[in-house]
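Descriptive structure summary
Residues per chain, in single letters:
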Amino acid sequence: MSETAPPIISVQNVTKRFGSFTALENITLDIRPGEIFALLGPSGCGKSTLLRIIAGLETATEGHIMIDGQDMAGIPANKRPVNMVFQSYAVFPHMSVADNVAYGLKLERLPKPEIAAKVEEALAQVHLSDFAHRKPDQLSGGQRQRVALARALVKRPKVLLLDEPLSALDAKLRDAMRLELVKLQESVGVSFVIVTHDQSEALAMADRIAVLEAGRLRQLDTPAGLYKQPVDRFVADFIGSINMFAVIGQHDGATQAETTLETAELGRVRVSSARLPASGQGGLVLAVRPERVKLADAPPESADAIAVAGHLGDVAFQGNSSIAEILLAGGASLAALVSEKEADRLMQAESGSPVTAWWRADDMLILPENALSSGG
Amino acid sequence: MESYRRNFRAFLAFFTPSFAWLVLFFFVPLAIIWLYSFGENETITKIRVTWTLDNYRRLLEPEIVSLFWRSVWLSVLSTAICIVIAYPIAMVIATAKPKWKPWLLLVIILPFWTNLLIRTYALLNILGTRGRLNDLLHWLWSMGDGALAALGLGDLQLLGERFVPVKFLGEPAGVMIGLIYVYLPFAVLPIYASLERLDRSYLEASLDLGASQWRTFRQILLPLSSGGINTAMVITFIPMLGSFLIPDLLGRGQVDMIANVIERQFKSGNDWPFGSALSLFLLYVTFILLALQSFAAMRQRRREEARG
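Worth saying up front: this structure is predicted, and the values here are computed from it rather than measured.

Thresholds, definitions, all that
- Along each chain, the written sequence defines residue order, and numbers are assigned to residues from 1.
- Working convention: letters from A go to chains and numbers from 1 go to ligands, in the order in which they are written.
- Local features in a predicted model are, by the rule used here, given only for residues with pLDDT of at least 70; side-chain atom pairs are given and counted only at 80 or more, and totals for whole chains, interfaces and linings are based on all residues.
- Helix and strand assignments come from DSSP, with helices taken as H or I runs of at least 4 residues and strands as E runs of at least 2, each series counted from the N terminus.
- Atoms counted for the radius of gyration: C-alpha only. Globule rule: 2.2 Å times residue count to the power 0.38.
- To sort residues by burial, count the other C-beta atoms lying within 10 Å of each one's C-beta; a count of 20 or more means buried, 12 or fewer means exposed, and anything in between means partly exposed. C-beta atoms are built from the backbone.
- Each residue is represented by a C-beta atom placed from its backbone, and any two residues with such atoms within 7 Å are regarded as in contact.
- Here, any two strands with at least 2 DSSP bridges between them count as paired.
- The axes are straight lines fitted to the C-alpha atoms, using for helices just the contacting stretch, and the angles between their N-to-C directions are given from 0 to 180°.
- Note on residue categories: nonpolar means Ala, Val, Leu, Ile, Met, Phe, Trp, Tyr, Cys or Pro, charged means Asp, Glu, Lys or Arg, and polar means any other residue, Gly included.
- Residue ranges for the domains trace back to a domain assignment, done automatically or taken from a database.
- Each angle is binned into one of four classes, with values under 35 degrees roughly parallel, values over 145 roughly antiparallel, values of 65 to 115 roughly perpendicular, and all other values oblique.
- A clockwise turn of the near helix away from the far one marks a right-handed crossing, whereas an anticlockwise turn of less than a right angle marks a left-handed crossing.
- The bend reported for a residue corresponds to the angle between axes fitted to the seven residues ending at that residue and the seven starting there.
- In this description, a nonpolar core means buried residues of the types Ala, Val, Leu, Ile, Met, Phe, Trp, Tyr and Cys, linked to one another by C-beta atoms lying within 7 Å.

**Structural notes on the overall build of chain B**
- Within chain B, the regular secondary structure consists of 14 helices and two strands.
- For 308 residues, the compact-globule estimate of 2.2 N^0.38 gives 19 Å, and chain B exceeds it by more than 25% at 25 Å.
- Judged by the C-alpha coordinates and their principal axes, chain B covers about 75 × 60 × 35 Å.
- Counting all 308 residues of chain B, 26% fall into the buried class.
- Long-range pairs, those at least 24 residues apart, make up 71% of the contacts in chain B with a sequence separation of at least 6.

Laid out in structure tokens, this is it:
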């Protein structure tokens, strides 16, 4: 993957409307050669529509798609140098596995021995060599998916498009396929664009993730970047779990460099003015990840600590760690990730016993409701 | 399915009337026909069952063979044309916007609300030598003739000296038009059902892999809707083969099909045993076709089930 090479796919100001409904609004993003790029968002956010526009199965109402520097306007799906793995896999039920994989090659009028060799190679790549003569109805879901992968990859696309590739598999197979897809991408070297609604899938597989919501691009970053520096409340909430407190009042601090934010749960919190978001709309929220929350019997002495008193609620066991629920005044609650050892201690303690949750001010995010400056 | 064991009386209450109906008005008459087919006319009104095979032997007479042959090719050709016309119609309905579908289906089913006799009489009016279709052809002829005259080719009489009406009635063409018109909805509906069920991503995948629209149609759409085509063929071909009214009215006695000859045996011919043998032969042919069809459907279903 190279950050300076020209993008393999360039999505430029793409808008898609279905009647009065806007499925995508002014999306601009680049996909780099050789990366795994995830389009992530809740269902109905337009991510699949964007994938279908890239594939040529839908036409953008406005904007352009460039693939390898070439404008795709007016070029139909069957002439585009990309291939797609469909959510339902769409493995042709009336053809054998080998015929499915050969389907796209036969259209290129290659000599028969060459087709056979390529099919064999593609099937070996997805570990289906022994299944070449089976019909799709004799395969499991995971095997059918690999047929779809082989069928698309054998065309040597410049980019492979995958629409919810793992959603039809059961949980255990899904985890195995994540790794396998990443390995496959490394071995073939072409960019993968993966559409998914599952943030953990995107975090685990993608080099970069575009978060879409209601047809708009909320944030484009690496998984770590999205997790550590979400631009707004939506992204923070969508990626991983997070505790959030709505800011109900904003006051000037003692100096210019400081601002006091007021929340119902935490009371007044002093923050550095430089950390306030520069743009965005809606109110502000204070947010802290559960793994940053520490528990103590009394508030810490440290000046940059933010502490809140509460009562111990349920402790949910998660194996090597647990999630402790801290009940705050006013009915709110707070989640804290605690170690195995600490969880043991908390489980001994009586439910409802007083506890102080605290975190370092630097670990707390100050986020706008919506980072987009105009309504969406 | 097993609940009838638990509620035997309720089962009887529902089962008895329909079963009695079936026995009285279907199995018993069928058995009588079957017996008659091995019988001989003793007097004008009396038939004696002698277990002769003469009636079946007569099926091999040249006139009867040619009658069967005519019935079969008329039905085969009409079925084929029906499918060719029905497929695009079914495709249009299957790809129409959801709010349009019920209306388009209604248009297809609408002719069923009119009695077959009335529809066939309407066709007489359309297909006659002075009918609407010939009016249209006449108009087209005069337009063509006028155009040729305007081009200075009027003297060559390329389209004939004057318009000669095309004869449809009493000709196989007229009977076929009638058969196609009446049975077209039977062909549209099963094809529509199979296209409606079809996952569109198969077609998109084919395009995505570089296939043209035509190739996608031939190699993906057509094979995957073969179940519907199969059903459409059977449920148009079988009633066509046994149709009586359409060849009777539109064929004017010149284009007889099996059912017309059967009718004649029971009425003017007064040869019930031979009529019975003809009827049963038609029934056997139908059974064989149905068996072939359900065998094909079973294979298709098994394939779909395995696919999950």
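From this point, things continue past the structure.
**Focus: the sheet that holds strand β12 (residues 258-263) of chain A**
Residue and element names in this part refer to chain A.
- Strand order in the open sheet formed by five strands is β13-β12-β11-β14-β20, and the pairing between neighbours is antiparallel. One side of each edge strand has no neighbouring strand; the edge strands of this open sheet are β13 (267-272) and β20 (365-370). When the angles between neighbouring strand axes are averaged without regard to direction, this sheet yields 45 degrees.
- With four bridges connecting them, strand β11 (residues 243-252) and strand β14 (residues 281-288) associate as antiparallel partners. Counterpart to Asn243 in the pairing with β14 is Val288.

**Notes on the interface of chain A and chain B**
- The interface of chain A with chain B comprises 19 residues on the first partner and 17 residues on the second.
- For the side of chain A that touches chain B, the secondary-structure elements that each account for two or more residues are β6 (82-85) and α2 (97-106) of chain A.
- Grouping the amino acids of the side of chain A that touches chain B by side-chain chemistry returns eleven nonpolar, five polar and three charged.

**Observations concerning the pairing of strand β4 (residues 62-67) of chain A**
Residues and elements named next belong to chain A.
- Bridge count between strand β1 (residues 9-18) and β4: five bridges; the pairing is antiparallel. Across the sheet, the residue bridging to Ser10 is Met66, located in β4.
- With antiparallel pairing between neighbouring strands as the criterion, β4 and strand β5 (residues 70-71) make up a hairpin whose turn holds two residues, including Asp68 at a positive phi of roughly 50 degrees.

**As for the domain arrangement of chain A**
Residues and elements named next belong to chain A.
- The domains assigned to chain A are domain 1 (9-233) and domain 2 (234-370).
- A separation of 39 Å is found between the C-alpha centroids of domain 1 and domain 2.
- Elements with a minimum of two residues in the side of domain 1 that touches domain 2: β9 (208-213), β10 (216-221) and α7 (223-228).
- For the side of domain 1 that touches domain 2, a count of residues per class yields five nonpolar, two polar and four charged.

**Re unusual backbone geometry**
- A positive phi is found at Asp68 of chain A, a non-glycine position, where the angle reads about 50 degrees.
- You can see Asp68 of chain A is positioned in the loop between β4 and β5.

**Looking at the domain arrangement of chain B**
Residue and element names in this part refer to chain B.
- Under the domain assignment, chain B is made up of domain 1 (60-129 + 169-307) and domain 2 (131-166).
- Every contact between the two is made by five residues of domain 1 and, on the other side, five residues of domain 2.
- For the side of domain 1 that touches domain 2, the residue count by class is two nonpolar, three polar and no charged.

**Structural notes on the packing of helix α4 (residues 62-95) of chain B against helix α8 (residues 172-197) of chain B**
All names here are of chain B.
- Packing of α4 against α8 leaves a shortest axis separation of 6 Å and a crossing angle of 40 degrees. The angle between α4 and α8 falls in the class oblique. Of the two elements, α4 crosses α8, and the hand of that crossing is right-handed.
- Class assignment for the residues of the contact of α4 with α8 results in 25 nonpolar, one polar and one charged.

**Some thoughts on the sheet that holds β10 of chain A**
All names here are of chain A.
- The sheet built from six strands is open, its strands ordered β6-β7-β8-β3-β9-β10 with mixed pairing. The strands lining the two open edges of the sheet, one partner per strand, are β6 and β10. On average, each strand axis in the sheet is tilted by 20 degrees relative to the strand beside it, whichever way the strands run.
- Bridge analysis of β6 against strand β7 (residues 159-163) gives four bridges, and the strand direction is parallel. When the sheet's bridge partners are listed, Val85 is paired in β7 with Leu162.

**Points about helix α2 (residues 8-36) of chain B**
- The principal kink in α2 of chain B, of about 35 degrees, is found at Val23 of chain B.
- Taking burial as the measure, the 29 residues of α2 of chain B include one buried ones, a minor fraction of the element.

**As for the nonpolar core**
- Ranked by internal contacts, the top residues of the largest apolar core, which has 115 residues, are Ala38, Ile54, Val101, Ala150, Leu161 and Val193 of chain A.
- Residues contacting Ala38 of chain A, with those up to four places away along its chain left out, are Ile194, Thr196, Ala202, Met205, Ala206 and Ile209 of chain A.
- In terms of nonpolar packing, the next biggest core, distinct from the first, is built from 44 residues, Val175, Tyr181, Val182 and Tyr183 of chain B among them.

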